[in-house]
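Coordinates in review
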Amino acid sequence: MARRALLTAGGVGGLALLVPGTAHAGPAAELKNAVYAVATVAELLSLDGKKIPDGTLVRVAGYKAAGDGGGMLVRWDADSTAVANGGTVLRPGNLGGSGAGRWVQVHDGVGDFRRFGVFGDDAPADAALDAMVNDPAIHRIEAHTDLLFVKRHKYTRSNLEFDFGGHTVRTDGIEKNTHDNPFGAVMFFRGEVTGTVVEHALSAPMPDLADVFEVGDSAKFTVGQWWTAVVNNLSGRDERELQKMVQVTEIVDGSRIRVNYQNGWDLDKGRVITWTRVKPVERVHVRNMVFVGAPPYDGPRNGELPDDREYTGSHPVAYEYAAWCDVSGIDASLTWWPVVMRRWCTYFRTESCTLKNPPTVFYGGAGYLTQQIYCLYGHVADCHTSNARHLNDLTASAYCMVENCHGDGDDAGGNPFTTHGQYEHDLVFTGNSGLMDIANSGAQWGISAKRITVRRHVCSWFTANTKITDLTLEDVKVIPRSTFDPGGTLTVNADGVQMRGCSARTFAVAQRSARSGRPNVIEDCSFDLPEGQVVVQTPVTNPVHFVRCVFTGVNGAVMRGSGPVHLTDTVVTGTAGAAPLLIGAAEVVVSGGRLTDTGIRLSAVREQRLSIGGGAVVEGTNSEKALLSRADGSPVRWELGDYVSSTRDGGTAHVAITSGVNRYSAVGARFRGGVITLADAAFGGDSHLLHTGCAEEGVSRTAPAAGPRVITTGNLAV
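Keep in mind that what you see is a predicted model, and the values were worked out from it rather than measured.

Rules and cut-offs
- Residues numbered from 1 in each chain as written.
- Predicted model: local features only at pLDDT ≥ 70, side-chain atom pairs only at ≥ 80, totals over all residues.
- Heavy atoms only, no water.
- Salt bridge = Lys/Arg side-chain N within 4 Å of Asp/Glu carboxyl O.
- Buried < 20%, exposed > 50% of the residue type's maximum accessible area, 1.4 Å probe, protein only.
- Helix = DSSP H or I, 4+ residues; strand = E, 2+ residues; numbered from the N terminus.
- Pairing = 2+ DSSP bridges.
- Axes fitted to C-alpha atoms, helices over the stretch in contact; angles between N-to-C directions.
- Contact = heavy atoms within 4.5 Å.
- pLDDT = per-residue confidence, 0-100.
- Phe/Tyr/Trp six-rings, centres within 6.5 Å; stacked < 30°, edge-to-face > 60°.
- Lys NZ or Arg CZ within 6 Å of the ring centre and 35° of its normal.

By the definition in use, this model includes 37 salt bridges. In this structure, aspartate 253 engages arginine 256 in a salt bridge whose closest nitrogen and oxygen atoms are separated by 2.8 Å.

Written out as structure tokens, the structure reads:
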């Protein structure tokens, strides 16, 4: 009996022949190649499967109605007992006996929620999601309507792309998360952690930027394998310089391997590295989604949130032990944990994502756009947050870039850009805006970072004053904002810091570490200081060099640290009646530049040396009525050379030295107006005074009588 006759004879009418494969070749050809048609899935499932020949192809015009987008091509597998899922596997309702026989969707690897009967957010789409993700034949999943998810899904497969087509994903009523679990996302992709573990103590120091690692027995490793490498902790509970997922690229010899990562920190002999074999999820991408978290936003955020928000909140995607997994085009709001959460990830991009109004900016770990922990080779670009905690968090991560990302609504101190200080290194931030806080989460993690570069950044607060080595800032502008930090604070660590073209109001140099070999240079920068600002803090022992900088509003500013301070071609301007710049550095060198209505007062808390020359100009007056002076205390060496000191105030001293031990030399200096006070009490005992070859125009000079340790001849006085 011909196939069409067989089907019709069974009393299951409605299965019409759609396209005979060879309509004029006879009944046998029609049996082999025909494609039949029904209008809906319900109609398909009403057919009597016991009378359908194996391999029959049927075109379904729609899922619920013809043309609704849920249409598909299915094939009858008479022997299949696969679990029906409402989409890729369909089970007729009238099967008997063994229950074998399934309609199996014939597709080109692209899954569609509509082919599971999901046409909106009126019913959960979780089962359809599981069915498509767990089908290895599907490599792409598309959404063409809004969706609702009420489950938290964990997957381990690779090579899959999601495109939600710009539609909204809601999570109202989602199942509860577990405590402190930022991986309880709607979709969590996690690689496999195997039981293969290798521990090895270094027999020799391992230098910065080494990519060849001692492993003891390299035969346990194979090129292409992925491993996590973790060094034993230092004094802090989580203080480890090495925590990365790396791939073996070479077996160097019997005891060493090369990996795809140059370590960023020196490791001493005896440090123990633990290697754990992992099989990462690879190339799983999520794109083009509008995500609305749960529960709904219920009013102003004041830090007093319901205890269950951690459990009922939601976020779209998380990765752990993953490589080459990208996210783009997620527009999220009201999310609890980071919109994109990553840990142990290597090679990834997060692009064109946004976050607005998360429920909190106060709860640690919550309210982020993206967080990366133990990550390598990441690129975050073109992202934006409003009223969030962090836009981007890079913790214990390396060789990552963040560019053209912007955070607003950060008045609550959300710090759009941050790192924990868990030995991050070689991170670059370019063209971003928003508060920035580097390596400042506490000693538990080591408060350390290295080779961080920030370019063309705008914000109202920037702090990088922990153990941050070789920080580079270029064109960073910190602009005071009355709603957050009216001071416009910028603080850096004097451990290889280099700044170019930056500006701020409240500027300070701190020091928590001394690891770098490069100089601390601040050039072409401008700072409008508040009264009494401590520019160089007490712990600073490294030299700090200001080059072509401009300081304005100076009134009682302080440079307390003992490390040398050099001012080269730098302009320092005070205000009327301002207190002088108080400096405690062991060495102060002024070369060129101009000091107006401020002057310098040496604190003498230690032996000090002041050198002024290079055509510098010191002018005006100050509250001390002394452009150069000192406090009581330790000996001071004065080296005054090629510079001009000028005042129109007859009572202002160019130099006022009235006490202490002083080794004074002024040769070739030019003084105009005012007085020079070199008191007898300041030049007894071990002191000496040489004032010669100077030009004094309208100057009244007081000095000790000439003697073996005092010479004041050879000057031009007019």
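Most of strand β26 (residues 376–381) sits inside the fold, with 5 of its 6 residues counted as buried. Here 5 bridges tie strand β23 (residues 340–351) to β26, and the two strands are oriented parallel to one another. Bridge pairing in β26 links arginine 349 to histidine 379. One ladder, built from 4 bridges, connects β26 with strand β29 (residues 398–403); its direction is parallel. Counterpart to valine 380 in the pairing with β29 is valine 402.

With antiparallel pairing, 6 strands are arranged side by side in an open sheet as β13-β18-β15-β16-β17-β14. Across the chains shown, the open sheet's two edge strands, defined by having one partner strand only, are β13 (192–201) and β14 (212–214). Strand-to-strand twist in this sheet, taken as the mean axis angle between neighbours without regard to direction, amounts to 40°. Across 5 bridges, strand β15 (residues 226–231) lies against strand β16 (residues 243–251) in antiparallel orientation. Bridging across to β16, valine 230 finds its partner in glutamine 243.

Here we take up the environment of glutamate 696. Relative to the helices and strands, glutamate 696 is located in strand β64 (residues 695–697). For glutamate 696, a relative accessible area of 3% translates into the label buried. The spatial distance from the C-alpha of glutamate 696 to the C-alpha of alanine 65 is 102 Å, given a sequence separation of 631 residues. In contact with glutamate 696, not counting residues within four places along its chain, are Phe671, Ile676, His691, Arg701, Asn715, Leu716, Ala717 and Val718.

Most of helix α4 (residues 126–133) is tucked away: 6 of the 8 residues are buried. Where α4 is buried, its residues meet β7 (110–112), β8 (140–142), β9 (147–148), β10 (153–155), β11 (160–170) and β12 (187–190).

Here we come to the pairing of strand β63 (residues 688–692). Looking along a regular strand, one sees the side chains alternate between the two faces of the sheet. The alternating pattern of β63 places Leu689 and His691 on a buried face and His688, Leu690 and Thr692 on a face that is not buried. When strand β60 (residues 662–667) meets β63, the two strands line up parallel, connected through 5 bridges. From the neighbouring strand, arginine 663 faces β63, where its bridge partner is histidine 688. Here 2 bridges tie β63 to strand β66 (residues 710–711), and the two strands are oriented parallel to one another. Counted as the bridge partner of leucine 689 is valine 710 from β66.

Residues of the chain with pLDDT of at least 70 account for 93%, and the chain-wide mean is 93. Ranking the elements of the chain by mean pLDDT puts helix α1 (residues 3–9) last with 38 and strand β21 (residues 317–323) first with 99. Low pLDDT, under 50, characterises residues 1–14; the predicted model gives this stretch 26 contacts beyond four residues in sequence or across chains. Throughout residues 18–31 the model reports pLDDT below 50, and contacts reaching past four residues in sequence, or to other chains, amount to 16 contacts.

In this section: the environment of isoleucine 174. Tracing the backbone through its elements, the reader meets isoleucine 174 in the loop between β11 and β12. When the C-alpha atoms of isoleucine 174 and valine 41 are compared, they prove to be 29 Å apart, with 133 residues separating the residues in sequence. If we ignore the near neighbours within four places in the chain, the residues touching isoleucine 174 are Phe149, Val150, Lys151, Arg152, Val186, Thr312 and Ser314.

Looking at the element boundaries, threonine 472 is found in strand β37 (residues 472–478). When residues no more than four places from it in sequence are discounted, the contact partners of threonine 472 are Ile452, Thr453, Val454, Gln498, Arg500 and Arg518.

Now for the packing of aromatic side chains. For the structure shown, the criterion picks out 29 aromatic pairs. Centre to centre, the rings of phenylalanine 113 and phenylalanine 149 are 6.2 Å apart; their planes meet at 65°, and the pair counts as edge-to-face. Residue phenylalanine 113 is found in the loop between β7 and α4, and its partner phenylalanine 149 is found in the loop between β9 and β10; the two are separated by 36 residues along the sequence. Residue classification places phenylalanine 113 among the buried positions, given a relative accessible area of 2%. By relative accessible area, which is 1% here, phenylalanine 149 ends up buried. Taking 6.0 Å as the distance between ring centres and 70° as the angle between the ring planes, the aromatic pair formed by tryptophan 337 and tyrosine 363 counts as edge-to-face. A residue pair is termed long-range when its members are at least 10 positions apart, and tryptophan 337 in the loop between β22 (327–333) and β23 and tyrosine 363 in the loop between β24 (354–356) and β25 (368–373) qualify at 26 residues. According to the relative accessible area criterion, tryptophan 337 is buried, its value standing at 2%. Members of the aromatic cluster, joined through ring pairs, are Trp226, Tyr261, Trp324, Tyr347, Tyr377 and Tyr399. Here the guanidinium or amino end of arginine 283 rests over the ring plane of tryptophan 324, the centre of that ring lying 4.2 Å away.

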